[in-house]
Amino acid sequence: MTAGGTQAVTTGSVPAGNWFVYAVLSPTPQDPLCRPSAQTNYVVNPLPVVNITSSQAAMCVNDTRTLTATPANGTFVVTGNVPVD
């Protein structure tokens, strides 16, 4: 990051927060005041903390359990044998 608070990124990820994006096309035209540009603001939300609990801890073959996940209204998929700590 420069002293002016700017950063050049072409790929990668950015942390959660409010970000101002400003793009300038190159090469610079003969009149720099005619240089095309665009700007926008983005809000990057933090990843949610997910918690999945089971109705019972121990499980045997062919048993069923109710899994409850938070945050509410999320979607989760469990496939195969998933070890439980």
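Everything numeric in this text was worked out from a predicted model, so none of it was measured.

Comments concerning the overall build of the protein
Part 1 of the reasoning: A tally of regular secondary structure across the protein gives zero helices and four strands.
Part 2 of the reasoning: Shown N-terminal to C-terminal, the secondary structure of the protein runs as helices and strands in the order β-β-β-β.
Part 3 of the reasoning: Of all 85 residues assigned to the protein, the portion counted as buried reaches 0%.
Part 4 of the reasoning: Entry remark: accessible area of the protein is about 8000 Å², with carbon and sulfur atoms responsible for 57%.

Quick notes on the pattern of salt bridges
Part 1 of the reasoning: All chains considered together, the criterion is met by one salt bridge.
Part 2 of the reasoning: For D63, the salt bridge identified is with R65, shortest N-O distance 3.5 Å.
Part 3 of the reasoning: On the basis of relative accessibility, which here comes to 21%, the residue R65 falls in the partly exposed class.

Re the confidence of the model for the protein
Part 1 of the reasoning: Counting all residues, the mean pLDDT for the protein is 75, and 79% of those residues have values of 70 or more.
Part 2 of the reasoning: Mean pLDDT values over the elements of the protein span from 77, in strand β1 (residues 17-24), up to 84, in strand β3 (residues 51-54).

Observations regarding unusual backbone geometry
The general pattern is negative phi for most residues beyond glycine and trans for most peptide bonds.
Part 1 of the reasoning: Here the amide bond leading from T70 into P71 is cis, since omega sits at 10°, within 30 degrees of zero.
Part 2 of the reasoning: With respect to the secondary-structure elements, P71 resides in the segment after β4 (67-70).
Part 3 of the reasoning: Despite not being glycine, N62 shows a phi value in the positive range, around 70°.
Part 4 of the reasoning: The exposed category is assigned to N62, whose relative accessible area is 75%.

Considering the environment of Q56
Part 1 of the reasoning: Topologically, Q56 is positioned in the loop between β3 and β4.
Part 2 of the reasoning: Residue classification places Q56 among the partly exposed residues on the basis of a relative accessible area of 47%.
Part 3 of the reasoning: C-alpha separation for the pair Q56 and L67, spaced eleven residues apart in sequence, amounts to 9.2 Å.
Part 4 of the reasoning: At 3.2 Å, the side chain of Q56 and the side chain of R65 are in polar contact.

Examining the environment of P15
Part 1 of the reasoning: Inspection of the secondary structure puts P15 in the segment before β1.
Part 2 of the reasoning: P15 sits in the exposed class, given a relative accessible area of 53%.
Part 3 of the reasoning: Along the primary structure P15 and L47 are separated by 32 residues, whereas in three dimensions their C-alpha atoms are 9.8 Å apart.

About the thresholds
Per chain, residues are indexed from 1 in the order of the written sequence. The predicted origin of the model limits local features to residues at a pLDDT of at least 70 and limits the giving and counting of side-chain atom pairs to 80 or more, whereas totals for whole chains, interfaces and linings rest on all residues. Only heavy atoms go into the side-chain values, all of them from the structure, while hydrogens and water stay out. Strands here are runs of E lasting at least two residues and helices are runs of H or I lasting at least four, both read from the DSSP assignment and numbered beginning at the N terminus. Exposure categories follow from relative accessible area, calculated using a 1.4 Å probe and restricted to protein chains: below 20% of the type maximum is buried, above 50% is exposed, and the middle band is partly exposed. Only the protein chains shown count as cover for residues, with accessible areas throughout obtained via the Shrake-Rupley method and a probe of 1.4 Å. For this analysis, a salt bridge means a side-chain nitrogen from Lys or Arg found within 4 Å of a carboxyl oxygen belonging to Asp or Glu. Confidence scores here are pLDDT values: one per residue, from the predictor, ranging 0 to 100. Residues adjacent in sequence count toward polar contacts only when both atoms are side-chain atoms; beyond that, a polar contact is any pair of N or O atoms within 3.5 Å, and within protein one must be able to donate a hydrogen and the other to accept it.

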